[in-house]
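One-letter residues, chain by chain:
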Protein chains: 2
Amino acid sequence: MTITIYDVAREANVSMATVSRVVNGNPNVKPATRKKVLDVIKRLQYRPNQVARGLASKKTTTVGVIIPDISNIFYAELARGIEDIATMYRYNIILSNSDQREDKELQLLETMFGKQVDGIVFMSEHVSVDLLNMMDRSPVPIVLAGTIDSSGNMPSVNIDYYQAAYDAVNRLLQNNNKRIAYVSGSLSTTINRAFKFTGYERALADAGLQLDNELVVESETTYDAGYTAFKTLNSIPNAPTAYFAGNDELAIGLIHGAQDAGLHVPNDIEVISFENSKLARMVRPELTSSVLPLYDIGAVSMRLLTKYMKKEKIEEKTVILPHRIEERNSVK
Amino acid sequence: MTITIYDVAREANVSMATVSRVVNGNPNVKPATRKKVLDVIKRLQYRPNQVARGLASKKTTTVGVIIPDISNIFYAELARGIEDIATMYRYNIILSNSDQREDKELQLLETMFGKQVDGIVFMSEHVSVDLLNMMDRSPVPIVLAGTIDSSGNMPSVNIDYYQAAYDAVNRLLQNNNKRIAYVSGSLSTTINRAFKFTGYERALADAGLQLDNELVVESETTYDAGYTAFKTLNSIPNAPTAYFAGNDELAIGLIHGAQDAGLHVPNDIEVISFENSKLARMVRPELTSSVLPLYDIGAVSMRLLTKYMKKEKIEEKTVILPHRIEERNSVK
DNA sequence: TTGAAAGCGCTAACAA
DNA sequence: TTGTTAGCGCTTTCAA
């Protein structure tokens, strides 16, 4: 029923091998033969079966992408960066959501292996030992995007979260804020605790300020969590005058919390965020934010993965992208 | 090197067929044999090769998803709905962005066919005749998600856009607004022109109001476009007192445009949106919005697709999901 | 420059 | 309940 390479070969009076050569752009085909084959392909509307090709060649030209949640703008940006570069290199993407659940991540890796993907881009806030072990035994290259592994052995693409957090807090310090809160996501992830929190702590210390645990709140990274966090923090004696938010949603929640309490941002309360998604410009005041270049992290991760898949030489298996602060109006 | 079904068969002293049976849960295997095989599988860490399975069975358990842009929260919600149901039915998703470009959509379909997906979920604001023809010749079922085809032959999942728009505009009419603007995305798409615009027009007519073309602006569906549209519309003589926005980003742009002009929403200007993404609660005032249940549309589309793929009986190939208005504070 | 033929790892009759 | 045996549609030596 479906027409195969064999049909083309027969119609063109050549062997399957020759058809295969022209389909794959192998130069060892006489131009006349090539034309003849191409004509038949067109006439018969032949479409190569990539599954058969995958079985024979052991390459599927598809890569697996495992991320926490595609409906989160944060990860969606990342995914777009990955997809764009994948397309550029003619790979397709199998996309899966892990919801950050380790069991799902483990199972998803298994599924990807079974599907014979040529490589995997993985993102998660925390990479467990089990996961690391499984990745170690992976039959295909894996690169971590915006994800830290404690072993330090995996290829990865990140920014310097510590320095970025340090710089962000420092920006608040410049305006003479003495009571700076940190509203973060889960503090049990490496990025949040070992890097961002440490950057916050260190910036404070360098300014001669002491860490006040009452000012750091661990929460979901949602708008509502930010809103609630503001209420809580603003009700303590000697409330904060500035906030360092773990991401944009949190920052917007904080700002609305402040405004609903009759406070002016940035005159009464200053807020700096850490993400700079397109949400950052969709609030009043617009968010001053440390930029986390998610799209780029995705794109560079995918580019790095292509190098591994093509067995090219890798200059740096751990790439650190630059960061900066985007100045807008939530900080004076 | 990699271990195959043949290795398992040899180690377990059974035939490949038997191993295949236990792997596929075929009941015609003696429990003792099953256990023996399972043990070997575990010991050898055998992992079935889905590509080989796909070639032999002509089923890949993967479906293609073609959407405009995953980094847009609008489509990301849809994608999540699709993915969740796909996972539930043990399918994987190959995700691709078309950027609404017809050439890319055509080519993506080709790619999906080549990859032998078992089915496709397709979303686009406009389905061209060429696309329709190609879908007609598709070797696998295709369902349109949040997408109208003029032929009416394709399976699809939508809401009643006409009625939803009518209801939204009517909500504005209830507050005695006489000058109601419509800020829409491209008016060359079926949904925007034939349904939403017509709903707007009709609601006006039913209220005895005449359509003023000056009040309908066609633009990108972005925050900036909304912001700009407000400026433009507010500067005409007899400016609008209410706005019907094509989506949430547009609505937020409109609101900020109004606020930056010193106007109060909803006292001076009322705005109703058409989407109700999570952005809707992240502005002040929060958006009153006609809800477009993207997640559900995705989920139901995928569910419908599974029925086609499994050749189950289809009750309704064209499903219309209910819509409603979520009341918040951008409308009095 | 071309063809023959042996797989790739699995499923699915069919037979036993 | 189990095994034998053709394929599935292609790539890839190897030889000509």
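Small disclaimer: the values here were computed from a predicted structure and weren't measured.

Caption draft 1: Region of interest: the overall build of chain A. Check the secondary structure of chain A and you find 12 helices and 12 strands. Over its C-alpha atoms chain A spans a radius of gyration of 25 Å, topping by over 25% the 20 Å that the globule rule assigns to 332 residues. Judged by the C-alpha coordinates and their principal axes, chain A covers about 90 × 40 × 35 Å. Classification of the 332 residues of chain A by burial places 55% in the buried group. Of the contacts made within chain A by residues no fewer than 6 positions apart, 70% connect residues no fewer than 24 positions apart. In the form shown here, chain A has an accessible surface area of approximately 14,400 Å², with 50% of it arising from carbon and sulfur atoms. Computing the positive centroid from 37 side-chain charges and the negative centroid from 39, chain A places the two 14 Å apart.

Caption draft 2: Structural context of the pattern of salt bridges. By the definition in use, this model includes 40 salt bridges over all chains. Between Asp69(A) and Arg80(B) there is a salt bridge, and its shortest N-O distance comes to 2.9 Å. One end of the pair, Asp69(A), is in the loop between β1 (62-67) and α5 (73-88); the other, Arg80(B), is in helix α5 (residues 73-88), on a second chain. Using a relative accessible area of 7% as the deciding quantity, one classes Arg80(B) as buried. A salt bridge links Glu326(B) to Arg324(B); its shortest N-O distance comes to 2.7 Å. When its relative accessible area of 44% is taken as the criterion, Arg324(B) is described as partly exposed. Taken together, the shared-partner salt bridges in this structure form one network comprising Asp69(A), Asp99(A), Lys104(A), Arg80(B) and Asp84(B).

Caption draft 3: Main features of the interface of chain A and chain B. Taken together, the 48 residues of chain A in the interface contact 48 residues of chain B. Across the interface of chain A and chain B, roughly 4,400 Å² is buried in total on both sides, 52% from carbon and sulfur atoms. Among the residues chain A hides against chain B, the three largest losses belong to Arg47(A), Arg80(A) and Met282(A). Together they make up 16% of the total. Inspection of the region where chain A meets chain B yields 12 salt bridges.

Caption draft 4: Structural context of the protein's contact with DNA strand D. Near DNA strand D you find 27 residues, and of these Ile5(A), Ser20(A), Tyr46(A), Arg21(B) and Thr33(B) are the closest. The sugar-phosphate share of atoms of DNA strand D within 4 Å of the protein amounts to 60%. Interatomic distance of 2.5 Å between a side-chain N/O atom of Arg21(B) and a base oxygen of DNA strand D. Contact between DNA strand D and Thr33(B): a phosphate oxygen at 2.3 Å from a side-chain N or O atom of the residue. Listed by contribution, the elements that provide at least two residues to the surface near DNA strand D are α2 (16-23) and α4 (50-57) of chain A together with α2 (16-23) and α4 (50-57) of chain B. Broken down by element, the surface near DNA strand D gets its largest block of residues, four residues, from α4(A). A per-class count over the surface near DNA strand D returns 12 nonpolar, 11 polar and four charged.

Caption draft 5: Highlighting unusual backbone geometry. Residues and elements named next belong to chain B. Backbone torsion omega between Val265 and Pro266 reads 10°, so that peptide bond is classified as cis. Its location among the elements puts Pro266 in the loop between α11 (248-260) and β9 (270-275). Between Arg284 and Pro285 the backbone carries a cis peptide bond, its omega angle lying at -10°. Within the secondary structure, Pro285 sits in the loop between β9 and β10 (288-291). Here the phi dihedral of Asn13 falls at roughly 60°; this positive angle occurs in a residue that is not glycine. Relative to the assigned elements, Asn13 resides in the loop between α1 (5-12) and α2. The residue Asn176 is not glycine, and still its phi comes out positive at about 70°. By the secondary structure assignment, Asn176 is in the loop between α8 (161-174) and β6 (180-184).

Caption draft 6: Quick look at the sheet that holds strand β7 (residues 216-218) of chain A. All names here are of chain A. Strand order in the open sheet formed by six strands is β7-β6-β8-β9-β10-β12, with mixed pairing between adjacent strands. Of all strands in the sheet, those bounded by a partner on one side alone are β7 and β12 (325-326). Where strand β6 (residues 180-184) lies against strand β8 (residues 242-245), four bridges are found, and the strand directions are parallel. The residue of β8 that forms the bridge with Ala181 is Tyr243. Strand contacts of helix α8 (residues 161-174): β6, β8, β9 (270-275), β10 (288-291) and β12, with the helix running at about 165° to β9, the strand carrying the most contacts. Packing of helix α11 (residues 248-260) onto the sheet brings it into contact with β6, β8, β9 and β10, and relative to β9 it is tilted by some 165°.

Caption draft 7: The sheet that holds β9(B), seen in detail. Ordered in space as β7-β6-β8-β9-β10-β12 (chain B), the six strands form an open sheet in which the pairing is mixed. The outermost strands of the open sheet, each flanked by one partner alone, are β7 (216-218) and β12 (325-326) of chain B.

Caption draft 8: Summary view of the packing of helix α1 (residues 5-12) of chain A against helix α3 (residues 31-44) of chain A. Residues and elements named next belong to chain A. Close contact between α1 and α3 brings their axes to 9 Å; oriented N to C, the two are set at 125°. Taken together, α1 and α3 sit at an angle that is classed as oblique. As for how α1 packs across α3, the hand of that crossing is right-handed. In contact with Asp7, Val8, Glu11 and Ala12 of α1, α3 contributes Lys36, Val37, Val40, Ile41, Arg43 and Leu44. Its residues assigned to classes, the contact of α1 with α3 comprises six nonpolar, no polar and four charged.

Caption draft 9: View of the relation of the copies chain A and chain B. Of the transformation superimposing chain A on chain B, the axial component is 0.0 Å and the angular component is 180°, with the fit at an RMSD of 0.1 Å. What the rotation and shift describe, once combined, is the action of a two-fold rotation axis. Rotation axis and chain A: the residue whose C-alpha lies nearest the axis is Ile94(A), separated from it by 2.2 Å. The fraction of interface residues of chain A whose copies in chain B are also interface residues reaches 100%, indicating that both copies meet through the same surface.

Caption draft 10: Region of the structure containing the environment of Val183(A). Positionally, Val183(A) belongs in strand β6. Setting aside residues up to four positions removed in sequence, Val183(A) forms contacts with Val217(A), Ser219(A), Ala229(A), Leu233(A), Tyr243(A), Phe244(A), Ala245(A), Gly246(A), Leu250(A) and Leu254(A).

Caption draft 11: Highlighting the pairing of strand β3 (residues 119-122) of chain B. Residues and elements named next belong to chain B. Because side chains alternate across β3, one face comprises the buried residues Gly119 and Val121, and the other comprises Ile120 and Phe122, equally buried. Of the pairings in the sheet, the one linking strand β1 (residues 62-67) to β3 comprises four bridges and is parallel in character. Across the sheet, Val63 pairs through a bridge with Gly119, a residue of β3. Handedness of the crossover joining β3 and strand β4 (residues 142-145) through helix α7 (residues 129-136) is recorded here as right-handed.

Caption draft 12: Broad picture of the protein's contact with DNA strand C. DNA strand C sits among 27 residues. The nearest are Arg21(A), Thr33(A), Ile5(B), Ser20(B) and Tyr46(B). Backbone atoms, meaning sugar plus phosphate, form 64% of the atoms of DNA strand C positioned within 4 Å of the protein. Ala56(A) is positioned with one of its backbone polar atoms (N or O) 3.3 Å from a base oxygen of DNA strand C. In this structure, Asn49(B) approaches DNA strand C through a main-chain N or O atom, which is 3.0 Å from a phosphate oxygen. For the surface near DNA strand C, the element with the most residues is α4(B), which contributes four residues. Counted by class, the surface near DNA strand C contains 12 nonpolar, 11 polar and four charged residues.

Reading the values: rules and limits
- Residues numbered from 1 in each chain as written.
- Chains lettered and ligands numbered in written order.
- Predicted model: local features only at pLDDT ≥ 70, side-chain atom pairs only at ≥ 80, totals over all residues.
- Heavy atoms only, no water.
- Helix = DSSP H or I, 4+ residues; strand = E, 2+ residues; numbered from the N terminus.
- Rg over C-alpha atoms; globule rule 2.2 N^0.38 Å.
- Buried < 20%, exposed > 50% of the residue type's maximum accessible area, 1.4 Å probe, protein only.
- Contact = heavy atoms within 4.5 Å.
- Areas by Shrake-Rupley, 256 points an atom, 1.4 Å probe, with all protein chains shown as cover.
- Lys, Arg positive; Asp, Glu negative; His and termini not counted.
- Charge placed at Lys NZ, Arg CZ, Asp CG, Glu CD.
- Salt bridge = Lys/Arg side-chain N within 4 Å of Asp/Glu carboxyl O.
- Buried area = accessible area lost by both parts, 1.4 Å probe.
- Near = heavy atom within 4 Å.
- Polar contact = N/O pair within 3.5 Å; in protein donor to acceptor, adjacent residues only side chain to side chain.
- Nonpolar A, V, L, I, M, F, W, Y, C, P; charged D, E, K, R; others polar.
- Pairing = 2+ DSSP bridges.
- Axes fitted to C-alpha atoms, helices over the stretch in contact; angles between N-to-C directions.
- Parallel < 35°, antiparallel > 145°, perpendicular 65-115°, else oblique.
- Left-handed = near helix turned anticlockwise from the far one by under 90°.
- Least-squares fit on C-alpha atoms with pLDDT ≥ 70 in both.
- Right-handed = clockwise from strand over helix to strand, strands pointing away.

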